[in-house]
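# Inside the fold
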Amino acid sequence: MTHTSKYHGDDLVAVVWLTNSAVQVRAGEMTWEQAARAAWAIEAAKADRVVILVAIDDNDDVVRAWRVVGVQNEAAVPPGKSRKINRCFFELEEDSALDYLTGPSPWTRRRN
């Protein structure tokens, strides 16, 4: 039997907490995808390996999950800081195979 899944057990999944932007999404000012595509501080090598992005809202619910089809890394020194950090922007694609991930979060809230 041939295994045809596009996801594998060693694929890297990024989990982001959209606690601040959840209010804007609920007010119709942006979508969950727009909120999830924000600049995330993550090491460039790690960001390049991310295959799935999971978004958790301020109520600790997984609201969406997307397939990552590309990433743009930008290294810069943030205002008021002295060292360079990488910020990445994920290019996302809908994938109904990930819909089962939505619902109560199995992960405890943490700072992004």
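First things first, this report covers the structure right here in the doc. These numbers were taken from a predicted model, which means no experiment stands behind them.

## Notes on the overall build of the protein chain
- Along its length, the protein chain carries three helices and six strands.
- The secondary structure elements of the protein chain, listed N-terminal to C-terminal, are β-α-α-β-α-β-β-β-β.
- Each of the three principal axes of the protein chain carries a C-alpha extent, and together these read 55 × 35 × 25 Å.
- Out of the 112 residues belonging to the protein chain, those deemed buried represent 33%.
- Long-range contacts, defined as pairs at least 24 residues apart, comprise 65% of the intrachain contacts of the protein chain with a sequence gap of at least 6.
- Between the averaged position of the 14 positive side-chain charges in the protein chain and that of its 16 negative side-chain charges there is a distance of 8 Å.

## As for the pairing of strand β4 (residues 61-76)
- Looking at chain direction, strand β3 (residues 50-56) and β4 are connected through five bridges and run antiparallel. Paired with Leu53 across the two strands is Trp66, which belongs to β4.
- Here β3 folds back onto β4 in antiparallel fashion, the turn holding four residues, of which Asp60 has a positive phi close to 60 degrees.
- Here two bridges tie β4 to strand β6 (residues 103-104), and the two strands are oriented antiparallel to one another. When the bridges of β6 are listed, Asp61 appears paired with Pro104.

## What to know about the side chain of Ser105
- Mapping Ser105 onto the fold places it in the segment after β6.
- Once residues within four sequence positions are removed from consideration, Ser105 is found in contact with Ile56, Asp60, Asp61 and Val62.

## Some details on unusual backbone geometry
- Non-glycine residue Asp60 carries a positive phi angle of around 60 degrees.
- With respect to the secondary-structure elements, Asp60 resides in the loop between β3 and β4.

## Observations concerning the environment of Lys81
- By secondary structure assignment, the location of Lys81 is in the loop between β4 and β5 (85-93).
- You can call Lys81 exposed: its relative accessible area is 57%.
- As a C-alpha pair, Lys81 and Asp48 span 33 residues in sequence and 25 Å in three-dimensional space.

## Remarks on the environment of Arg64
- Residue placement: Arg64 occurs in strand β4.
- For the pair Arg64 and Arg49, spaced 15 residues apart in sequence, the C-alpha to C-alpha distance is 19 Å.
- Beyond its immediate sequence surroundings of up to four residues, Arg64 is in contact with Trp32, Leu53, Val54, Ala55, Glu94 and Thr102.
- In this structure the side chain of Arg64 is engaged in a polar contact, spanning 2.4 Å, whose partner is the side chain of Glu94.

Conventions and cut-offs
Residues numbered from 1 in each chain as written. Predicted model: local features only at pLDDT ≥ 70, side-chain atom pairs only at ≥ 80, totals over all residues. Heavy atoms only, no water. Helix = DSSP H or I, 4+ residues; strand = E, 2+ residues; numbered from the N terminus. Buried < 20%, exposed > 50% of the residue type's maximum accessible area, 1.4 Å probe, protein only. Contact = heavy atoms within 4.5 Å. Lys, Arg positive; Asp, Glu negative; His and termini not counted. Charge placed at Lys NZ, Arg CZ, Asp CG, Glu CD. Pairing = 2+ DSSP bridges. Polar contact = N/O pair within 3.5 Å; in protein donor to acceptor, adjacent residues only side chain to side chain.

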